[in-house]
Each structure stands twice: as C-alpha cells, then as structure tokens.
Amino acid sequence: RAMELLICGGAGYIGSHCAKILRDAGYHCVIYDNLSEGHRQAVDGFPLVVGELSDADLLANTMRRYRIDGVLHFAAFALVGVSMREPIQYYQNNIGGTASLLDAMRQADVNRIVFSSTCATYGENVPVPITESVPQNPCNPYGESKLAVEKLLRRCDDAYGIKSVSLRYFNAAGAMPDGSIGEDHKLETHLIPLVLREALFPEDRLKVFGTDYPTKDGSCIRDYIHVLDLADAHLQALRYLENGGVTDFFNLGTGIGSSVIEVINTAREVSDINIKYEKADRRAGDPPILVASAEKAKAVLGWVPERSDLRTIISDAWTWHKSHPQGFRDR
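The paragraphs below set out a description of the structure included in this document. (Residues numbered from 1 in each chain as written. Predicted model: local features only at pLDDT ≥ 70, side-chain atom pairs only at ≥ 80, totals over all residues. Heavy atoms only, no water.)

1. Quick word on the side chain of serine 116
Counting through the fold element by element, serine 116 comes out in strand β5 (residues 112-118). Among the polar contacts listed, one links the side chain of serine 116 to the side chain of tyrosine 169, at a separation of 3.3 Å. Those residues in contact with serine 116, other than ones at most four positions away along the chain, are His73, Phe74, Lys146, Leu167 and Tyr169. (Helix = DSSP H or I, 4+ residues; strand = E, 2+ residues; numbered from the N terminus. Polar contact = N/O pair within 3.5 Å; in protein donor to acceptor, adjacent residues only side chain to side chain. Contact = heavy atoms within 4.5 Å.)

2. Quick word on the sheet that holds strand β3 (residues 48-50)
Across a sheet, strands are paired by hydrogen bonds formed along the backbone, either parallel or antiparallel in direction. Taking strand neighbours across the sheet as the criterion, the seven strands line up as β3-β2-β1-β4-β5-β6-β11 in an open arrangement whose pairing is parallel. Looking at strand neighbours, the two that pair on one side only are β3 and β11 (248-252), the edges of this open sheet. Looking at each pair of strands side by side, their axes are set apart by 20° on average, direction ignored. Looking at chain direction, strand β1 (residues 4-8) and strand β2 (residues 28-33) are connected through five bridges and run parallel. Of the residues in β2, the one forming a bridge with cysteine 8 is tyrosine 32. (Pairing = 2+ DSSP bridges. Axes fitted to C-alpha atoms, helices over the stretch in contact; angles between N-to-C directions.)

3. Examining the pattern of salt bridges
In this structure the tally under the stated criterion is 12 salt bridges. Where aspartate 103 meets arginine 106, a salt bridge forms, and the shortest distance between an N and an O atom there is 3.0 Å. Here aspartate 103 and its partner arginine 106 are both found in helix α4 (residues 87-108), three residues apart, which amounts to about one turn of the helix. For aspartate 103, a relative accessible area of 26% translates into the label partly exposed. For glutamate 269, the salt bridge goes to arginine 311, with nearest N and O atoms at 3.0 Å. Here glutamate 269, found in helix α8 (residues 260-271), pairs with arginine 311, found in helix α10 (residues 310-323); they are 42 residues apart in sequence, far enough to count as distant. With a relative accessible area of 41%, arginine 311 lands in the partly exposed category. (Salt bridge = Lys/Arg side-chain N within 4 Å of Asp/Glu carboxyl O. Buried < 20%, exposed > 50% of the residue type's maximum accessible area, 1.4 Å probe, protein only.)

4. Describing the sheet that holds strand β9 (residues 221-222)
Taken together, the three strands give an open sheet; going across it, the order is β12-β9-β14, and neighbouring strands pair in mixed fashion. Two strands lie at the open edges of the sheet, namely β12 (258-259) and β14 (289-290), each paired on one side alone. Note: β9 against β12, two bridges, orientation antiparallel. Of the residues in β12, the one forming a bridge with isoleucine 221 is serine 259.

Keep in mind these values describe shape, not function.
So, in structure tokens, the structure goes:
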C-alpha cells in the first residue's frame, strides 16, 4: 500500500507545497492544521483534520484512523520579532506542541518524523557558508525553541526508537509555477512577497533595512531556496528514513547569496514594474550574510535544488501574487 503521511501544519505555506509534491510521488497525505496561519483552500482535495498540536488524543486517534506511517511537522510559530515579545507563547507552541505530537506518535506506534527546523538555530556571527558543524547558539526564542525540538527528537530516538530528520531551512520563497498556491501570511515579513506586493500596490512602504553592510551593494545577503526544492528535500528525507536512515540533521540552502537590492532588481525585471523602495537603518540582529552549505544533504539525501535560481523563484512567486493579489481570498 502507499505510505500514509500526516502533515502537521500542512495548510501553511511550505506544508501545502510539500503535500502536493508528496502526493505526486505516490504518498497519501492527511493534513492536520488549526488554520490559524494555514488556508483550507491551499489543501483542496486532501483529507483535513482541524485540531491543535496540543491535542495528543486527537493526534493519536487521527494517526490510528488513517494508519499513518510517517509525520512531517511544519506546525510552529515562526516570527523572530514576535518571539522576542512573546517567548512563552513560542516555547509553549513550538516545544510543548511538538512534545504532544511525539507523545501521540508513541501512542499510535508511528516512528518516523521529518521536522521543519531553521538556520536560526545557529545564531549570529557565524562563518559562511554555514555547515552543520557550526555550533548552534540561537539569539532569539524562535531559534531556541527549534533547537530544543532537535534535542528532544534525539532523546525520543534514544528512548522510543522514533527516527527523525531535522531540516534547517534558509529563506524559503517562490510558489507553484502554475500559480495554484503560494505564499499568503497574515503578517508578511518575507522579503520577496513584500517586494512583489509593492509592485502590485505601490504604497512606498518597501524598506531596505541597512545599506551600509560590508557586502557588494551594502544590503544584506541571504540564501533563497525555492519552496518546491524544499518540498523535494522532505521527499528525500522520508525516503532516507524508509530505507533505514538514522536520526540526523541537514542544512537546506543553495550556497549562493542574493542581496536585498538584487532581489528588488530581479523583481523589477520579472514584473516589468519600477518597484520603489526607501533606505532605512539596520535592524538589530540582522547578520550581513547568511548562506548555507548544503553539501551534507546532497551527499546523504541525494538532494539537489533545481528551481532555486533567483529569477525562477521570483517568476513563480510573481505568477501567484499577480493572479491572487489578495492571496487565498481571491479563490
């Protein structure tokens, strides 16, 4: 029979793209989401269980009902700034919620999980490109909560034999090339959607935070990765666990950095709109350059990003935003 997967947070941005890629690869996917950030429209055609991560009984019953073989876990709060203001909320949801999920897996005898971690576990002042051997020293509650989950996953392997892969993302971006689903956050903090929003609704709100960094054009450099390449990494991680892989962790990035100004210029070319921006002061805690080494993921998982050149990422995102200027409300 086809493998049955439970995708927690599957109605969100990355989870919904993963669900489609996994379905195309022959898996059966059940979505578990409280719809606080996710969108029902993003998972049309998938079984959807609306519930909280803290509800271990509902999770365990869902796993038994659908005979779940593996879990993908995207259900976390993910805004660094909010985590600084609301650390308890982040610890309760991201760590407590994951403990509840793992408890449900133990009850339902499910022993494989792929976890959505983050490069924020590394913290500031790290050598680039960042390899997995760089010490993890997060500088905000969001990164701390993700690191705590990585440690918990290792303990759950020791104690219960639950095997896991933690994927440390850099900057997820892009959308389905056909414009069917894409990025739609209540509070948008990601650069590419903000730039494209300025193209659609010119309000002179686009700010470049810091133009005096020691980079080629003075703006911050980040490693952008196409959401479909991320989804493919989850597919490879699942196959790795199916084939007897041990608990491990991997960076997901391209090893190539793009500056904020380069993103804006590429978006201008793709949209054929002269997107305006204003210069602003640096934000506290923004490192000048964050670029990943993904050599380990390539070597162990056989993962190679294929859509993550900046122009493809922005073109696919533009297809989505142009056809859905109000996000999923346009559906």
